Amino acid sequence: MQRAHGVHGEVRLRNYDPTTEWPRGAHDVQLAFGAGEVREYRVESVRGRSSALIIKLQDIDSREDAQALTGAELSIPRGALPPLAPGEFYLFELQGMQAEDMTGTDLGVVVSVRQLGDQTLAEIEGPLGRCLLPLVNDNVARVDRSRAVVVVRGTDGLWGVE
């Protein structure tokens with residue numbers, strides 16, 4: 001949640017993937033705050049462009065209520081998400097997956113997925129330490145959801161090792 005929008009409890013939502021639209025079946029959401037606090041809300045309305053959505057949640061009726069949600073991370077139940085085409089994956093699925101190179105060598109575990117500017121990065125912790133892997137086609141050969149493995153190509157230089 002980025003910031004309050006207007007005076008009637010709406011919040012501007014930053015969508016990590018501006019090509020993705022709000023899922024039609026997403027009527028209930030969870031907001032995660034610092035210190036592990038999670039609250040559930042019902043969605044009253046969503047409008048705007050996919051890169052800058054304006055969301056109205058039930059019982060959030062003032063600018064002050066909306067400002068209290070700033071910084072929270074919104075999640076949608078998996079069942080409300082549209083089905084994926086073969087070869088597609090959701091970014092949240094990567095966390096906890098094993099990472100390996102094209103030869104099957106263990107690179108570690110994806111410990112987080114984060115947004116840095118316009119770039120999405122997978123943080124991998126493994127035998128060589130930590131690295132931030134840009135999630136682009138040049139770096140990710142495939143995501144094997146059935147094995148929970150991210151296959152990385154072109155690992156030279158990622159850990160400072162050639």
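To be clear, the structure that these remarks concern was listed above.
Residues numbered from 1 in each chain as written. Predicted model: local features only at pLDDT ≥ 70, side-chain atom pairs only at ≥ 80, totals over all residues. Heavy atoms only, no water.

With that settled, the discussion passes to the pattern of salt bridges. Counting across every chain of the model gives 12 salt bridges. We note a salt bridge from R78 to E93, for which the minimum N-O separation is 2.7 Å. With a gap of 15 residues between them, R78 in the loop between β6 (73-75) and β7 (98-101) and E93 in the loop between β6 and β7 connect regions that are remote in the sequence. Owing to a relative accessible area of 42%, R78 belongs among the partly exposed residues under this scheme. Residue classification places E93 among the buried positions, given a relative accessible area of 15%. One connected set of salt bridges, linked through shared partners, spans R114, E123, E125 and R130. (Salt bridge = Lys/Arg side-chain N within 4 Å of Asp/Glu carboxyl O. Helix = DSSP H or I, 4+ residues; strand = E, 2+ residues; numbered from the N terminus. Buried < 20%, exposed > 50% of the residue type's maximum accessible area, 1.4 Å probe, protein only.)

Although it is not a glycine, A35 adopts a positive phi angle of roughly 65°. Residue position: A35 is located in the loop between β3 (28-32) and β4 (38-49).

To continue, consider the sheet that holds strand β1 (residues 3-5). Spatially, six strands are ordered β1-β2-β5-β4-β3-β6 in an open sheet, and the strand pairing comes out antiparallel. The sheet is open, and its two borders are formed by β1 and β6, each paired with just one other strand. Mean inter-strand twist for the sheet, computed between neighbouring axes without regard to direction, equals 45°. Both β1 and strand β2 (residues 10-14) contribute to a ladder of three bridges, which runs antiparallel. Residue pairing across strands places R3 opposite R12, the latter belonging to β2. (Pairing = 2+ DSSP bridges. Axes fitted to C-alpha atoms, helices over the stretch in contact; angles between N-to-C directions.)

To continue, consider the nonpolar core. One finds M1, W22, L31, I55, L57, L69 and L74 to be the most contacted residues of the largest nonpolar core, which totals 20 residues. With three residues, strand β5 (residues 52-57) is the single largest residue contributor to this core. Other than its neighbours up to four places away in sequence, L69 contacts M1, V11, L31, F33, R39, Y41, L57 and I60. (Core = buried A, V, L, I, M, F, W, Y, C linked by side-chain atoms within 4.5 Å. Contact = heavy atoms within 4.5 Å.)

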